[in-house]
Amino acid sequence: MSIDLSQFIPSFLEESFEGLELMESSLLNLEQGDDEAINSIFRAAHSIKGGAGTFGFNDVTVFTHLVETLLDEMRDGRRSIEQNDVEILLGSVDCMRLLIEAIRDETDCDTTKIEENTKLLEKTLAIEESSAKTEGDSNAETSSSEPNQGISVWQIDFVPEHHLVQTGNDPLLIFSALAELGEIIVVAKTKELPLLNDIDPEELYLSWHITLTTESTEADIKEVFEWVEDECLLTITQEKAIIDTPQDDVTQQDEASTSNTTIPEQQDLAKSEIKSAKATDTTQSSDKAVQKPKAETVGSIRVGVDKVDSLINLVGELVITQSMLSELGTDFDISKIERLTSGLDQLLQNTKELQESVMRIRMLPISFAFNRFPRLVHDLSKKTGKDIELILKGEQTELDKTVMEQIGDPLVHLVRNAVDHGIETSEVRIANGKPAKGTITLDAYHQGGNIVIEINDDGGGINRQAVLNKAIEKGIVEAGTSLTDNQVFDLLFEPGFSTAIEVSDISGRGVGMDVVKRNIQSLGGRIQVQSEEGKGSTFKVNLPLTLAILDGQLVRVGTETYIIPLITIVESLQTQTELINRVSGDMVLYRLREDNVPVLPIYKLFNISADSEDVEHALLVVVEADGQKVGLMVDDLLAQQQVVIKSLADNYQQVEGISGATILGDGSVAMILDIPGIITAALKMAQQTHTTRNHQQAVGVIA
Amino acid sequence: MEQEREYLTFILNGEEFGVDILCVQELRVWSSVTELPNKPNYIKGVINLRGVIIPIIDLRLRFGQTPLEYNEQTVVIILRNQDKKRPMVVGIIVDAVSEVYKLDHKAIRKPPEFGNSIESCFLEGLASIEEKLIILLDSNSLLNHDELYTVNKESVMAND
């Protein structure tokens, strides 16, 4: 029987990455003195080693074995957990990740880093071992992990529980596995065998005494019994070592006797460990339902059974409604109209629920994006020498998978900034009367169909004047202009803008914030900054929950229907004549409280005909993007509804001013307006007319 | 080597054109379209074809000829390319659909220089059947974003 193992490699990789993530986060917890963590780290490393062994990834097996040995010593309490070791282990996790990524990409990985780490690990282990030796050989436990050189005779008593065969284990297989280790003599004991009448053919009444002559160690023998450990009474004793020196013989027998007595205890331990492993497994599967795939792998989603069940239920209801409606349709007359409308209502309800459930499948808790931050902050605070605590909140807030994948990098950037620019050094903090330890908080929550992610630090805040000075220096703002706080903070997102006095390798080159903003905008989100000097800053990222569906306001211009994303709409109003200002020719400004909002008639933008081309008494939908408001002139406001976004570029090409299309209830196609695109285009147009008009109107074509 | 291929022919401004039938997804009658803003004149708009949004192109306008009025008789040929990686579906408006012919590879002759009414990249060859001359269109370039949506300057001039 041969199984093609390669088909399981993707799941091995996925599980390994999950394990590495777990190891990393547990290692970070370890610092804060969590004892349970070391066990989970060990288990994760062990499964990676096991998996790698199965598939023959020797590099991983060998390296992980070293890590495991170190972890094992920590677990047994033979080694105290020191900061230095944790750092080495964290580095080792990185190496394991490199190795496994190399397997995934089928490339060779950079071996120098791994060799370096291997040396470090070996050195740490060697220190431990030599110190153990100087302590004296009375501690014989270490010898169990060392390979046993001589041939020795082992006496094994194997008393299985009666139901052993029902668990799918076959003693014969165990014996043949033992026979591979060396020469065996098996004696079956039949004293428990009942009378023929009383025999249950599915039960096992025999027990065995095995004499094994082998070079293998006790651990090797135990491994053979690994699967039946819980279902039997197993005693393994070493009779004598044939070639060993007499002195060693004593220790071996010492050890043998100790192991003899400790076996039941160890079994209990093993049992409880398995239980706890199971418990953590289940929590993990609900917490981390899906492994975030890398961009180049085919994305897969692991979906909780509850979500699938609810889908099946909903489909069931939908089928019922459908059959009800079709039955109604076979002989319909006007008297049944009431049943029809109620049936249609039900259909609407079902569809909506189904849609929500399907969307929920794509939703992942944001902890996937947050996971990497403890490590990041840990490393960065090491590097910068700042003492920083990271608080994660709202990790269970769910977010669309695509959005999640794309928000990771911008968030990393913001957190880096918070560490590097936000939090001050301990001395400065104490001098300013703040606790020496800085705090960075990552918070995620839902707010009206959007997800909000807040990155908050209690650092020095943004120096408003420094930002303004820099902007004036760079020529972005003219000297003497007065700006609101928001406008000043928005300058941070200008390309090439950095107020950092020194450029560090973490941040400060002024590349990035504009990219952060662009990334967030491409996801249909926006970013706001709040900051108080001396108290800290908050970056607030607002994102749509999903990219596939959009809340839209349907508007009509002439015969065409357009959709304006609801998130961009500030308000809709009827124009009043006295508030209309005509500036330089075509451009019309509308006075909206303190703002002057340029009016963009959609018919003009898209070269179509409209009912009314008169700005007076027109309907204006005020939309905002990039902090710039414009009023879109439309003929009519229609319904608000959720629309499914379809791409135009699939069969045609991207159209300026249009972000996509959707299909309306009547089957017709409607265009979704690309508000930021329209505003930028309008600004460009305005600037062109502005310059051609010889600067007649100095300022304020676009207020 | 495939020797024989089938072509669907259609009438456009009195001439008979043929396209590889494997690229023809279906035939539809003209239905109203949703207009696209600031589009070239030959793009009439987009329609919803079972959940897929596809552009509709007036082939007369694309080839720089005067268009006809659209009515219930107007035929739209939905073309789909064979490229699995980048599928592309478009609808072309023609005057009428004519026949399906089986043509031998050898029966197709190279196209002569056509002036500027049809960009030569769309032409695959010429075939004569029963005294008729059929102009075969190259479905690969017809179903290519770059070529279909980039109009040769000369034919735009002809339009204007």
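What you see is a predicted model; the values in this text were computed from it and never measured.

About the thresholds
- Residues numbered from 1 in each chain as written.
- Chains lettered and ligands numbered in written order.
- Predicted model: local features only at pLDDT ≥ 70, side-chain atom pairs only at ≥ 80, totals over all residues.
- Heavy atoms only, no water.
- Pairing = 2+ DSSP bridges.
- Helix = DSSP H or I, 4+ residues; strand = E, 2+ residues; numbered from the N terminus.
- Axes fitted to C-alpha atoms, helices over the stretch in contact; angles between N-to-C directions.
- Contact = heavy atoms within 4.5 Å.
- Left-handed = near helix turned anticlockwise from the far one by under 90°.
- Nonpolar A, V, L, I, M, F, W, Y, C, P; charged D, E, K, R; others polar.
- pLDDT = per-residue confidence, 0-100.
- Expected span 1.5 Å × (residues − 1).
- Buried < 20%, exposed > 50% of the residue type's maximum accessible area, 1.4 Å probe, protein only.
- Core = buried A, V, L, I, M, F, W, Y, C linked by side-chain atoms within 4.5 Å.
- Buried area = accessible area lost by both parts, 1.4 Å probe.
- Salt bridge = Lys/Arg side-chain N within 4 Å of Asp/Glu carboxyl O.
- Polar contact = N/O pair within 3.5 Å; in protein donor to acceptor, adjacent residues only side chain to side chain.
- Phe/Tyr/Trp six-rings, centres within 6.5 Å; stacked < 30°, edge-to-face > 60°.
- Lys NZ or Arg CZ within 6 Å of the ring centre and 35° of its normal.
- Lys, Arg positive; Asp, Glu negative; His and termini not counted.
- Parallel < 35°, antiparallel > 145°, perpendicular 65-115°, else oblique.

1. Points about the sheet that holds strand β10 (residues 526-532) of chain A
Residue and element names in this part refer to chain A. The mixed open sheet is built from 5 strands, whose spatial order is β6-β8-β9-β11-β10. Of all the strands in the sheet, just β6 (388-393) and β10 have a single pairing partner and so form its edges. When strand polarity is set aside, the average angle formed by the axes of neighbouring strands in this sheet is 15°. Two elements, strand β8 (residues 438-447) and strand β9 (residues 450-457), share 8 bridges in a ladder whose sense is antiparallel. By the bridge assignment, Y445 is partnered in β9 with V452. In the packing of helix α13 (residues 372-384) onto the sheet, the strands contacted are β6 and β8, and the crossing angle to β6 comes to about 165°. Sitting on the sheet, helix α18 (residues 513-522) touches β10 and β11 (536-544), and the angle it makes with β10 is about 135°.

2. Some thoughts on the packing of helix α14 (residues 401-422) of chain A against α18(A)
Angle between the axes and distance between the axes are the two parameters that describe a pair of packed helices. Residues and elements named next belong to chain A. Where α14 contacts α18, the two axes come as close as 9 Å, and the packing angle between them is 145°. Crossing geometry of α14 relative to α18 is assigned as left-handed. On α18, the residues that touch I407, P410, H413, L414 and N417 of α14 are M513, V516, N519 and I520. Across the contact of α14 with α18, the residue classes tally to 6 nonpolar, 3 polar and no charged.

3. Here's the deal with the confidence of the model for chain B
Detailed reading of the predicted coordinates is not advisable wherever pLDDT is low. The share of residues in chain B with pLDDT of 70 or more is 81%, and the mean pLDDT across the chain is 78. Scored below 50 in pLDDT, residues 153-160 of chain B makes 10 contacts in the model with residues more than four places away or belonging to other chains.

4. Regarding helix α11 (residues 337-361) of chain A
Residues and elements named next belong to chain A. Compared with the 36 Å implied by 1.5 Å per residue over 25 residues, the 36 Å span of α11 between its first and last C-alpha is a close match. Those residues of α11 not exposed but buried are G343, N350, L354, S357, M359 and I361. Residues of α11 that are buried make contact with α10 (305-330), β5 (363-365) and β12 (549-557).

5. As for the nonpolar core
Of all hydrophobic cores here, the largest spans 75 residues; its most connected members are L632(A), L673(A), F10(B) and L137(B). If one sorts the elements of this core by residue count, strand β18 (residues 619-625) of chain A sits on top with 6 residues. When sequence neighbours within four positions are dropped, the list of residues in contact with L137(B) reads F10(B), F17(B), G18(B), V19(B), L59(B), F63(B), F122(B), L123(B), E124(B) and L142(B).

6. Thoughts on the interface of chain A and chain B
The interface is formed by 21 residues belonging to chain A together with 24 residues belonging to chain B. Among the residues of chain A in contact with chain B, N651(A), Y652(A) and V669(A) are the three that bury the most area, contributing 41% of the side total. Our enumeration of links across chain A and chain B arrives at 0 salt bridges. Taken together, the connections running from chain A to chain B amount to 2 residue pairs in polar contact (both at pLDDT 80 or more). If one sorts the elements of the side of chain A that touches chain B by residue count, strand β21 (residues 658-663) of chain A sits on top with 4 residues. Taken together, the residues that form the side of chain A that touches chain B break down as 13 nonpolar, 5 polar and 3 charged.

7. Details of the pattern of salt bridges
Residues and elements named next belong to chain A. Taken as a whole and judged by the stated rule, the model has 24 salt bridges over all chains. Among the ionic pairs, D379 bridges to R375, the shortest N-O distance being 3.2 Å. Taken as a pair, D379 and R375 lie in helix α13 at a separation of 4 residues, close to a single helical turn. You can call R375 buried: its relative accessible area is 10%. Of the charged contacts, one joins R429 and D458 as a salt bridge, the two residues approaching to 2.9 Å between their closest N and O atoms. You can see R429 sitting in helix α15 (residues 426-431) and its partner D458 sitting in the loop between β9 and α16 (464-474), a full 29 residues away along the chain.

8. Describing the packing of aromatic side chains
A complete count under the given rule lists 10 aromatic pairs over all chains for this structure. Geometrically, the ring pair formed by Y562(A) and F606(A) is tilted, given 5.3 Å between the ring centres and 55° between the ring planes. With a gap of 44 residues between them, Y562(A) in strand β13 (residues 560-565) and F606(A) in helix α19 (residues 602-606) connect regions that are remote in the sequence. Using a relative accessible area of 1% as the deciding quantity, one classes Y562(A) as buried. An aromatic cluster is built from F12(A), F55(A) and F57(A), whose rings are joined through pairwise contacts. The ring of Y42(B) is capped by R62(B), whose NZ or CZ atom sits 5.1 Å from the centre of that ring.

9. Examining the sheet that holds strand β17 (residues 595-601) of chain A
Strand pairing in a sheet relies on backbone hydrogen bonds, with the paired strands running either antiparallel or parallel. Residues and elements named next belong to chain A. An order of β14-β18-β19-β17-β16-β15 is seen for the 6 strands of this open sheet, with the pairing classed as mixed. Each edge of the sheet is formed by a strand with only one pairing partner; in this case those strands are β14 (569-574) and β15 (580-582). With direction set aside, neighbouring strand axes in the sheet form an average angle of 30°.

10. Thoughts on unusual backbone geometry
Residues and elements named next belong to chain B. At N13, a position not held by glycine, the phi torsion is positive, near 55°. Along the polypeptide, N13 turns up in the loop between β1 (4-12) and β2 (15-20). Judged by relative accessible area, N13 falls into the partly exposed class, the value being 38%.

11. Some thoughts on the confidence of the model for chain A
Residue and element names in this part refer to chain A. In the predicted model, chain A carries a mean pLDDT of 75, and the fraction of residues at 70 or more is 81%. Segment residues 243-297: pLDDT under 50, and 68 contacts once partners within four positions in sequence are set aside and those in other chains are kept. Contacts for the low-pLDDT stretch residues 694-703, under 50 throughout, to residues beyond four places or in other chains number 18 contacts.

12. Structural notes on the environment of R360(A)
Residues and elements named next belong to chain A. With respect to the helices, strands and loops of the structure, R360 is situated in helix α11. Given a relative accessible area of 37%, R360 falls into the partly exposed group. Remark: the alpha-carbon pair of R360 and L311, spanning 49 residues in sequence, is separated by 10.0 Å. With sequence-adjacent residues up to four places away left out, R360 is seen in contact with K307 and E398.

13. A few points about the side chain of D58(B)
All names here are of chain B. With respect to the helices and strands, D58 occurs in strand β5 (residues 52-58). It turns out D58 is buried and unbridged, and the closest side chain with the opposite charge, K44, is 5.4 Å from it. Leave out the neighbours within four places in its chain, and D58 touches Y42, K44, P67, Y70 and I93.

14. Quick notes on the environment of L234(A)
Residues and elements named next belong to chain A. Relative to the helices and strands, L234 resides in strand β4 (residues 232-241). For L234, a relative accessible area of 5% corresponds to the buried category. Sequence separation between L234 and K222 is 12 residues, and the spatial gap between their C-alpha atoms is 9.1 Å.

15. A closer look at the packing of helix α4 (residues 83-105) of chain A against α13(A)
Residues and elements named next belong to chain A. Packing of α4 against α13 leaves a shortest axis separation of 13 Å and a crossing angle of 125°. By the angle between their directions, the pair α4 and α13 is classed as oblique. Between α4 and α13 lies a crossing whose hand is left-handed. Judged by residue contacts, Q83, E87, L90 and D94 of α4 engage R375, H378 and K382 from α13. Grouping the constituent residues of the contact of α4 with α13 by class yields 1 nonpolar, 2 polar and 4 charged.

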